[in-house]
Structure formats: C-alpha cells, structure tokens
Amino acid sequence: MMIKEPLYSIKESLYLRLGLIKDDNIRNFTEQALNYADEEFWTYPSSLSGRYHPKENNGIGGLVRHTIKTIDIAKGLGEFMLYGNTSRDITIAGAMLHDIKKGGDDWFNYPAIHGLLAYEWLKDLEYKGPIDELIKEDILNCVRYHMRQFSEPKSEAVRAVNATDTEQIVQIADHISSRKELSFLPGLELSDKIIKSYLR
Ligand SMILES: [Fe+2]
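So, here is what we can say about the structure in this document. Computed from a prediction, not measured in an experiment: that's the story for all the values here.

Along the backbone of the protein chain there are ten helices and zero strands. What you see in the protein chain, going N to C, is helices and strands ordered as α-α-α-α-α-α-α-α-α-α. A burial count over the protein chain gives 42% of its 200 residues as buried. Intrachain contacts of the protein chain at a sequence separation of at least 6 include 68% that bridge at least 24 residues.

What follows is the structure in structure tokens.
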C-alpha cells in the first residue's frame, strides 16, 4: 500500500518537527545535523529486509517515517517523565538524530554499531553556532546508546543498559516505533502553533 502524505513531503514533516524544540541552540544544532544527513537517510527504509518493522517504516522514506514516529513518542514520554524544557529538547533532538547513520557510510547494510557511528559523525560535525557542550554530549549520548542491550560493540551495551532518563526515552520511543504489532502512521497534522514556531 502506498502511504500518502497529504500536506507535506516526508522530509518537510521531519523538518517541521524542529519546531518542537524550544531552545534555539539545540534546534539549530539539530537542524544543521539534518542538513548534513546522507541522501540515503531521506529515502531508505527503516529495515533493509522489511521483515521486522511495521509496514509504514518500509519503502521509500521509511526511515524518516520511523524517525518521525520516534520523535512523536519521545515528545509524549518527555512531557510525562521529564521536568524542564532542556531535557525534553535533548530527548526530541536525540530521537531526531538517532538513526542518521543507520547505514554507516556506505549504506550497504545496517550495522548494530550505527549508534556509535552516528555519535562519532555528530561529534565531527563542525557546528557553527553556540551550544553548551554538556547539552550536546547528552544529545549525542541519546543517539549513541539508543540500541540499549543490542548496542555494539558489547562494551557499549554495558553503558547503554544504564541509561539516563533522556537516553531511556529515546530507547523506548525507538523500540515502540519499530514494533510490527504497533503499526501506525506518523502524525501528519502538526498544530499551527508548532508550524508557526518553526517558520517564525
Ligand atoms: Fe530507530
């Protein structure tokens, strides 16, 4: 079944969600990372075999649809579990960037080390704007440890199962977003408030 995006392209739908991030520095950092994403990130499915993910995560743009679902779940969990806008922003940024290097550099397969690869890639990005280094590290750790016990190499998994609250939310949101039995279309309609906050 073809999945239609009635209002926005799937790429725009992801970019619009930058409006969920309240802090300018966190939003700008996240936006710049998205700008540098490999072309495959925007077009590839969430699972190369298509066997283990719900159908909306497959096909062209499937990885972005999965990312959007992860963000929307992380936003809801953040509002429930976290106190303060900064931690919520960190969680949304982490969810947005968690699979940005899912296929490594060649996108030939999806290695379980992709959390660590994304962490290193984000660390090497020359971000031009200001951002608190500790906040940046928290965002990068949400990305790095998002595979929890399946993180590789195994030394990563030891740390990933002792996750912080923000890291745990990205782990859980990613997990829910990839469950075959929890298939749903990402929310396509964003409130005017969110759209305006991004377009301002
Ligand atoms: Fe994911």
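On we go from here.
With that settled, the discussion passes to unusual backbone geometry. Cis peptide bonds are those with omega within 30 degrees of zero, and the linkage from Glu152 to Pro153 qualifies with -5°. Counting through the fold element by element, Pro153 comes out in the loop between α7 (133-144) and α8 (154-160). The phi dihedral of Trp107 falls on the positive side, at around 55°, and the residue is not glycine. Mapped onto the elements, Trp107 comes out in the loop between α5 (85-97) and α6 (114-124). Phi at Arg148 is positive, roughly 50°, even though this residue is not glycine. Note on placement: Arg148 falls in the loop between α7 and α8.

So, about the packing of helix α2 (residues 24-35) against α5. At a minimum axis distance of 10 Å, the contact between α2 and α5 shows a crossing angle of 0°. One way to sum up the angle between α2 and α5 is to call them roughly parallel. Each of Ile26, Thr30 and Ala33 in α2 lies in contact with α5, whose residues at this interface are Asp89, Ile90, Ala93, Met96 and Leu97. Looking at side-chain class alone, the contact of α2 with α5 contains six nonpolar, one polar and one charged residues.

Here the focus is the nonpolar core. One finds Ala74, Ile92, Ala93, Leu97, Leu122 and Val143 to be the most contacted residues of the largest nonpolar core, which totals 36 residues. At the level of secondary structure, the elements contributing two or more residues to this core comprise α1 (10-16), α2, α4 (62-81), α5, α6, α7 and α9 (165-177). Broken down by element, this core gets its largest block of residues, seven residues, from α4. When residues no more than four places from it in sequence are discounted, the contact partners of Leu97 are Thr30, Ala33, Ala118, Leu122 and Val143.

Attention now goes to α9. Owing to its 3.6 residues per turn, the α-helix aligns residues three or four sequence positions apart on the same side. For α9, spanning 13 residues, the distance from its first C-alpha to its last is 18 Å, which sits close to the expected 18 Å at 1.5 Å a residue. Residues of α9 that are buried: Thr166, Glu167, Gln168, Ile169, Val170, Gln171, Ala173, Asp174 and Ser177. Against α4, α5 and α7 lie the buried residues of α9.

Glancing now at the packing of α5 against α9. With their axes 9 Å apart at the nearest point, α5 and α9 run at an angle of 40° to one another. Classified by the angle between their axes, α5 and α9 sit oblique to one another. Judged by the sense of rotation from one axis to the other, the crossing of α5 with α9 is right-handed. Contact residues: α5 offers Ser87, Ile90, Thr91, Gly94 and Ala95, while α9 offers Asp165, Thr166, Ile169, Val170 and Ala173.

A word on the environment of Leu182. Position of Leu182 among the secondary structure elements: in the loop between α9 and α10 (192-199). For the pair Leu182 and His53, spaced 129 residues apart in the sequence, the C-alpha separation amounts to 9.4 Å. Sequence-distant contacts of Leu182, that is, excluding residues within four places in its chain, are made with Pro54 and Ile176.

So, how was this worked out
Residues numbered from 1 in each chain as written. Predicted model: local features only at pLDDT ≥ 70, side-chain atom pairs only at ≥ 80, totals over all residues. Helix = DSSP H or I, 4+ residues; strand = E, 2+ residues; numbered from the N terminus. Buried ≥ 20, exposed ≤ 12 C-beta atoms within 10 Å, placed from the backbone. Contact = placed C-beta atoms within 7 Å. Axes fitted to C-alpha atoms, helices over the stretch in contact; angles between N-to-C directions. Parallel < 35°, antiparallel > 145°, perpendicular 65-115°, else oblique. Nonpolar A, V, L, I, M, F, W, Y, C, P; charged D, E, K, R; others polar. Core = buried A, V, L, I, M, F, W, Y, C linked by C-beta atoms within 7 Å. Expected span 1.5 Å × (residues − 1). Left-handed = near helix turned anticlockwise from the far one by under 90°.

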